[in-house]
Amino acid sequence: MDRKGDGKMELKRRDFLRVAALAAGGAAFLGRPADALASPDLSGWPDRAGMLTDLTECVGCRTCESACNAANGLPAPDVPFDEKSVFDRKRRPTASAYTVVNRYEAKGSANPVYRKVQCNHCEEPSCAAACPVRAYTKTPEGPVLYDKDVCFGCRYCMVACPFYAPAYDYESALEPRVVKCTMCHGRIRAGGIPACAGSCPVGAITFGKRKELLKIARDRIRRFPDRYVEQVYGEYEAGGTGWLYLSGVPFPQLDFPDNLPKKPIVENTKGFLSAVPLVFTLWPALLGLCYAANGNKEEKG
Ligand code: SF4
Ligand code: SF4
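In this report, the structure presented in the accompanying data block is examined.

About the criteria used
- Residues numbered from 1 in each chain as written.
- Chains lettered and ligands numbered in written order.
- Predicted model: local features only at pLDDT ≥ 70, side-chain atom pairs only at ≥ 80, totals over all residues.
- Heavy atoms only, no water.
- Near = heavy atom within 4 Å.
- Nonpolar A, V, L, I, M, F, W, Y, C, P; charged D, E, K, R; others polar.
- Phe/Tyr/Trp six-rings, centres within 6.5 Å; stacked < 30°, edge-to-face > 60°.
- Helix = DSSP H or I, 4+ residues; strand = E, 2+ residues; numbered from the N terminus.
- Lys NZ or Arg CZ within 6 Å of the ring centre and 35° of its normal.
- Polar contact = N/O pair within 3.5 Å; in protein donor to acceptor, adjacent residues only side chain to side chain.
- Buried < 20%, exposed > 50% of the residue type's maximum accessible area, 1.4 Å probe, protein only.
- Pairing = 2+ DSSP bridges.
- 1 Å grid on protein atoms, 1.4 Å probe; cavity = no way out; pocket = protein on both sides within 12 Å on 5 of 7 lines; lining within 4 Å.
- Points joined across faces, edges and corners; volume = space filled by probe spheres on them.

Details of the site of ligand 1
Of all residues adjacent to ligand 1, which total 13 residues, the nearest are C119, N120, C122, C127 and C161. The residue inventory of the shell around ligand 1, partitioned by class, reads nine nonpolar, three polar and one charged.

With respect to the packing of aromatic side chains
Counted according to the given criterion, the structure contains nine aromatic pairs. Ring centres 4.8 Å apart and planes at 75 degrees place the aromatic pair Y245 and F256 in the edge-to-face group. On the criterion of sequence distance, the pair formed by Y245 in strand β9 (residues 243-246) and F256 in the loop between β9 and α8 (270-273) is long-range, its members being eleven residues apart. Ring-pair connections join several aromatic residues into one group, and the members of that group are F163, Y233, Y245, F251 and F256. The ring of F256 has R115 lying over it, and the distance from NZ or CZ to the ring centre is 3.8 Å.

So, the side chain of D54
Take D54: it is sitting in strand β1 (residues 49-54). Among the polar contacts listed, one links the side chain of D54 to the side chain of T56, at a separation of 2.6 Å. One polar contact links D54 to R220, side chain to side chain, over a distance of 2.9 Å.

Things to note about the pairing of strand β2 (residues 100-104)
Summarising burial for β2: four of the five residues are buried, a large majority. With five bridges connecting them, β2 and strand β3 (residues 113-117) associate as antiparallel partners. Opposite R103, over in β3, you have Y114 as the bridge partner.

Some remarks on the layout of surface pockets
When its volume is computed, the second largest pocket comes out at roughly 210 Å³. Along the walls of the second largest pocket sit 13 residues, with L55, T56, S109, P112 and V113 positioned nearest its centre. Of the residues belonging to the lining of the second largest pocket, the class tally is six nonpolar, six polar and one charged.

Okay, structure coming up:
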C-alpha cells in the first residue's frame, strides 16, 4: 500500500517522530530506566477469537466494507460500494472506512486477487506498547480495542502499527480520536459474529477461535497444495495476529509486510518505550508541541 498516499499522515508522522526523538533524548539525559509495557500473558485466554480471510475465495464485491460501515454507523463512501474504479488505487483504512478491499494483478494468478485490509488484532500489539497513556487493550475475547477517552492524540500508535491500520479522525479536532476495526467486539460478546464475516456472500471470511482457525487454514493448505502458498499469514508475523490469511500467491505480492519479526514487535520497542516516563514528566511541553505541530499542519493542509 502507498503509505505516502495520505499526505497529512506523512507530515504528522514526521512531527511525532520529532517529538519522540526529543522525549527519547531527554530520557537519556535524565538517565530514566527503560519501562517497557509488559507483554500480555495470553495463555489464560486460549479461546480468544480470530478471523481467517481466504484470499482465494474473495471476489472483491466489497459487501464486507458495506456491512462494516452499517455496523459502525459510518457514512456512505465517496465511491459507491458497487463502483469498481475504486480499485484503481490502493487504499488504507480511514476514519470513515475501517476496512477496505484492494485489488492486485498478481504474478501466477490468472485472475485479480482481492485483499481485505483492517486492523489485524495482533496477539501482542505494538500500538498498545507505543501508546503512552495505554489507550489500547488486548481483550480476552481477542479484539484489540482503543479507548478514545484517554487518548490525547499523539498518534504514536499509528507510527508503531506494522500494518498501518489505525486511522485518525481529522474531523474531531477538539476531541482527538484514532479509529480502527474493533472486530465487532460488542457483537462477539453478545454471542454474534463480526459484520464482515456475516455478510461475505462467498464465505471468504471465517470467524472463530484463533487456534481453530489455524487448524482450518493448515488443513486447507494440506488438502489443496496447488491452490495455496504454504503460509498462514499472521500465524507468526509480529508475534502472531488475530486476523489470519490464506493466499494463492506469495503474500509480498499483495503488499503484506514480509520483513516482520516472529517475535512481538513489543520486544523490540524497549528503547522507544524508555521515553514513556518522560512523556509524563514533560507532559505540558510535549502536549504543547503536539498541538502546535498539528495546528501548523492543519492550517497548511
Ligand atoms: S494491526 Fe496495528 S492497530 Fe491493529 S492491533 Fe496490530 S498494531 Fe494494533
Ligand atoms: S464480502 Fe467477501 S467476497 Fe466480498 S469483498 Fe469482502 S471478503 Fe471479498
